[in-house]
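Descriptive analysis of the structure
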Amino acid sequence: MKMPINPVDESSLRATKPRNYYLVPLIFITSLFFFWGLVHNIDPTLIAHLKKTFTLNNFESSLVDFSVFIAYFIMAIPAGLLMKKWGYKSGIVFGLLLFAVGAFLFIPAANTHQYFYFLAALFVVASGLAFLETAANPYVTVLGPPETSSFRLNLAQSFNGIAAAVAPIIGKYTILNNTHISTEEIGQMDTQAKAKFIQEASDSVKYPFMILGFIILVVAVLFIFLKLPEIGKDKTETRTRSFYEILRIKHTRWAIIAQFFYVGAQICFSSFFLVYAEKAAGLNHQVASNYLAVYGALFMIGRVVGTIFMKFIEAPKLLTIYSIVAIILTLVAIFGHNAYTIYCLLGIGFFISIMFPTIFALGVKNLGEDTKTASSLIVMSVVGGAIIPLALGYIADLTNNIQYGYSVPLICLLVVAFFGYRGHKPSLK
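A brief structural summary. (Residues numbered from 1 in each chain as written. Predicted model: local features only at pLDDT ≥ 70, side-chain atom pairs only at ≥ 80, totals over all residues. Heavy atoms only, no water.)

Observations concerning the overall build of the protein
Rule in force here: Here a strand is any run of E in DSSP of at least two residues, a helix any run of H or I of at least four, and the numbering for each starts at the N terminus. Per-residue accessibility, obtained with a 1.4 Å probe over protein chains only, is compared with the maximum for each type, and a residue is labelled buried under 20%, exposed over 50%, and partly exposed between these values. Throughout, a contact is declared for two residues whenever any of their heavy atoms are within 4.5 Å.
Helix and strand content of the protein: 21 helices and zero strands. Among the 429 residues that make up the protein, the fraction classed as buried is 58%. For the protein, contacts bridging at least 24 residues in sequence account for 84% of all contacts bridging at least 6.

Here we look at the state of the cysteines
Using the following cut-off: We call a pair of cysteine sulfur atoms a disulfide when they lie within 2.5 Å.
In the structure shown here, the tally under the stated rule is zero disulfides. With no disulfide partner, cysteine 268 has as its closest neighbouring cysteine sulfur the one in cysteine 412, 6.3 Å distant. With relative accessibility at 2%, the residue cysteine 412 sits in the buried group.

A look at the packing of helix α2 (residues 23–53) against helix α7 (residues 115–141)
The cut-off we apply is this: Every axis in this analysis is a line fitted to C-alpha atoms, fitted for helices over the stretch in contact. Angles between the N-to-C directions lie between 0 and 180 degrees. Note on terminology: angles under 35 degrees are roughly parallel, angles over 145 are roughly antiparallel, angles of 65 to 115 are roughly perpendicular, and the others are oblique. Here a crossing is called left-handed whenever its near helix is offset anticlockwise from the far helix by less than a right angle, and right-handed whenever the offset is clockwise. The classification used treats Ala, Val, Leu, Ile, Met, Phe, Trp, Tyr, Cys and Pro as nonpolar, Asp, Glu, Lys and Arg as charged, and all other residues, Gly among them, as polar.
Closest axis-to-axis distance for the α2/α7 pair is 10 Å, and the angle between their directions is 150 degrees. When the interaxial angle is binned, α2 and α7 end up roughly antiparallel. Crossing of α2 against α7: the hand is left-handed. Here Pro25, Leu26, Ile29, Leu32, Phe33, Trp36, Val39, His40, Asp43, Leu46 and Leu50 of α2 come into contact with α7, specifically with Tyr115, Phe118, Leu122, Val125, Leu129, Leu132, Glu133, Ala136, Asn137, Tyr139 and Val140. Split into classes, the residues belonging to the contact of α2 with α7 amount to 18 nonpolar, two polar and two charged.

A few points about the side chain of serine 381
Position of serine 381 relative to the elements: it lies in the loop between α18 (371–380) and α19 (384–399). A relative accessible area of 5% places serine 381 in the buried class. Discounting chain neighbours no more than four positions away, the residues touching serine 381 are Ile256, Gln259 and Phe260.

Here's the deal with the nonpolar core
What counts here: For this analysis, a nonpolar core means a set of buried residues of the types Ala, Val, Leu, Ile, Met, Phe, Trp, Tyr and Cys, connected via side-chain atoms within 4.5 Å.
Formed by 129 residues in total, the largest nonpolar core has its most connected members in Ile29, Phe223 and Ile352. Counting residues per element, this core draws most heavily on α7, at 14 residues. Listed in part, the six residues of the second largest apolar core include Met310, Ala315, Leu318 and Tyr322.

Some words on empty space enclosed by the protein
Keep this limit in mind: Lining residues are those with an atom within 4 Å of a point, where the points come from a 1 Å grid over the protein atoms alone and group into cavities, where a 1.4 Å probe fits but cannot get out, or pockets, open sets with protein on both sides within 12 Å along at least five of seven lines. Grid points are joined across faces, edges and corners, and a volume is the space filled by probe spheres set on the points.
For the structure on display, the rule yields four cavities of 30 Å³ or more. Looking at the largest cavity, its volume works out to about 240 Å³. Among the secondary structure elements, those contributing two or more residues to the lining of the largest cavity are α2, α4 (63–86), α8 (149–174), α12 (250–271) and α14 (285–309). Looking at which element gives the most residues to the lining of the largest cavity, the answer is α12, with five residues. Looking at side-chain class alone, the lining of the largest cavity contains eleven nonpolar, six polar and two charged residues.

Thoughts on a nonpolar patch on the surface
Using the following cut-off: Patch building starts from residues that exceed 30% relative accessible area and form no salt bridge, then joins like charges within 9 Å and nonpolar side chains (Val, Leu, Ile, Met, Phe, Trp, Tyr) within 5 Å. Using a 1.4 Å probe, the Shrake-Rupley method yields the accessible areas, and only the shown protein chains count as cover for residues. Salt bridge, as used here: a side-chain nitrogen of Lys or Arg that lies within 4 Å of a carboxyl oxygen of Asp or Glu.
Together, Ile324, Ile328, Val332, Tyr340 and Tyr343 make up a nonpolar patch on the protein surface, roughly 480 Å² of accessible area in all. Mapped onto the nonpolar patch, the elements with two or more residues apiece are α15 (315–335) and α16 (340–351). The element that contributes the greatest number of residues to the nonpolar patch is α15, accounting for three residues. Position of tyrosine 340 relative to the elements: it lies in helix α16.

Describing the environment of proline 357
Within the secondary structure, proline 357 sits in helix α17 (residues 355–363). It is 9.4 Å that separates the C-alpha atoms of proline 357 and arginine 303, two residues lying 54 residues apart in sequence. Excluding residues within four positions of it along the chain, proline 357 makes contact with Leu153, Asn154, Gln157 and Arg303.

Topic: the packing of aromatic side chains
Our working rule: Ring geometry is summarised as follows: Phe, Tyr and Trp rings, the Trp one being its six-membered ring, pair when their centres sit within 6.5 Å, and such pairs are stacked at plane angles under 30 degrees, edge-to-face over 60 and tilted between the two.
Evaluation of the coordinates by the stated rule reveals 22 aromatic pairs. Three or more aromatic residues link up through ring pairs in this structure, and these residues are Phe54, Phe106, Tyr115, Phe118 and Phe209.

Concerning the environment of aspartate 397
As a reminder of what qualifies: Think of a polar contact as two N or O atoms within 3.5 Å of one another; within protein, one of them needs to be a possible hydrogen donor and the other a possible acceptor, and neighboring residues in sequence only count if both atoms come from side chains.
With respect to the helices and strands, the residue aspartate 397 is situated in helix α19. Residue classification places aspartate 397 among the partly exposed residues on the basis of a relative accessible area of 32%. Placed 338 residues apart in sequence, aspartate 397 and phenylalanine 59 show a C-alpha to C-alpha distance of 7.2 Å. For aspartate 397, the residues in contact, after removing those within four places along its chain, are Asn57, Asn58 and Phe59. Side-chain polar atoms of aspartate 397 contact the side chain of asparagine 58, separated by 3.0 Å.

Describing the side chain of threonine 341
With respect to the helices and strands, the residue threonine 341 is situated in helix α16. One polar contact links threonine 341 to tyrosine 276, side chain to side chain, over a distance of 3.5 Å. Sequence-distant contacts of threonine 341, that is, excluding residues within four places in its chain, are made with Tyr276, Ala280, Val332, Ala333, Gly336 and Gln403.

Some points on unusual backbone geometry
Located in the positive-phi region is histidine 113, a residue other than glycine, with phi close to 60 degrees. Here histidine 113 falls in the partly exposed class, since its relative accessible area comes to 24%. Phi is positive for asparagine 400, close to 55 degrees, though the residue is something other than glycine. With respect to the helices, strands and loops of the structure, asparagine 400 is situated in the loop between α19 and α20 (402–405).

Structural notes on the packing of α4 against α19
Contact geometry of α4 with α19 gives a least axis separation of 7 Å together with a crossing angle of 160 degrees. By the angle between their axes, α4 is roughly antiparallel relative to α19. Pair α4 / α19 crosses with left-handed handedness. When α4 is examined against α19, the residues Leu63, Asp65, Phe66, Phe69 and Ile70 are found in contact with a partner set consisting of Gly385, Ala386, Pro389 and Leu390.

Below you can see the structure in the form of structure tokens.
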């Protein structure tokens with residue numbers, strides 16, 4: 001006979017604390033959303049840069065995303081187990097240290113001029129991000145009243161949106177130093193000239209990540225000395241669910257599925273943005289980087305506007321509406337022609353902005369102490385960002401048309417729309 005499972009009454013715990021008790025932790029945790037947003041939103045620039053530097057096809061260049069998101073899949077459960085034993089703070093500090101180590105690994109990667117080593121460095125960075133996201137996302141949802149958890153998470157994720165606007169500009173002026181050289185010209189270089197070109201292109205990636213590594217180390221030290229309240233523990237005897245039992249909870253199971261497809265779609269839209277702009281709209285990478293910055297800005301604005309809308313519209317309903325609009329814009333991006341297709345991608349950035357935090361918050365709703373376990377499973381599901389872009393790259397190479405590849409994120413958005421319409425409905429059975 002199964003023991004009864006009593007979710008922790010977090011609202012009663014919060015009621016005993018002063019109003020500003022969680023303010024400082026919330027501010028520090030929110031800063032983390034900006035830092036991992038920088039990494040994820042520098043990826044499109046990195047993909048375009050490495051694609052040209054090492055003369056890669058679409059499938060090969062999508063291995064950048066694979067390296068990042070497969071790390072989430074591998075590290076999410078260890079992150080959840082670590083936090084379960086030692087708390088949120090341990091997960092955050094360990095994640096920051098791993099993040100910094102990965103950033104510094106870009107130095108030997110650039111010095112060896114090997115694509116594989118760049119992928120390995122990204123894997124280590126993303127391993128750190130997996131710990132950070134497994135800790136920070138659920139932590140934000142419990143730093144206040146349960147009924148406003150989606151609002152708080154969208155607010156925190158708005159800083160991820162700020163990074164989405166800033167990262168392309170940083171990438172444009174630090175990494176994209178070879179845009180004046182075409183792929184054809186690279187193919188015509190002799191061995192010595194090509195080696196020099198690859199060295200200069202590799203060095204342009206090294207320095208931004210080295211600076212980022214030092215900044216993250218400083219942030220890690222600050223978190224070591226910062227007092228973070230541990231939330232979600234109850235003095236009464238309770239039993240937390242196993243991973244299998246968490247998967248039996250309907251709304252959490254559907255959140256895992258929806259997050260898999262959403263992250264895959266988001267990475268497709270952002271990572272292939274520069275490639276799409278070049279092939280479908282005839283823009284070079286420097287010009288396309290400006291549009292990518294606008295894409296990031298609209299992503300940020302979408303988060304802010306969505307957060308405001310959630311004061312008046314229920315989160316699942318808003319998620320459904322945004323999904324439907326994004327589906328329509330994706331159809332135009334697939335079958336449209338000329339420069340206006342870029343504007344469809346910009347619009348998609350706005351309407352997909354609320355999806356990750358909203359799916360996450362709905363997926364861990366009412367889970368109490370089991371929030372940590374559910375969080376690690378939902379973070380694991382972002383492995384969609386590793387797998388789904390591979391499908392886009394394969395279809396784009398197969399059809400020799402990047403636009404047809406966007407049928408892949410179209411299917412993903414249909415799954416998200418279903419979650420918003422029906423799959424989110426809470427169930428603890």
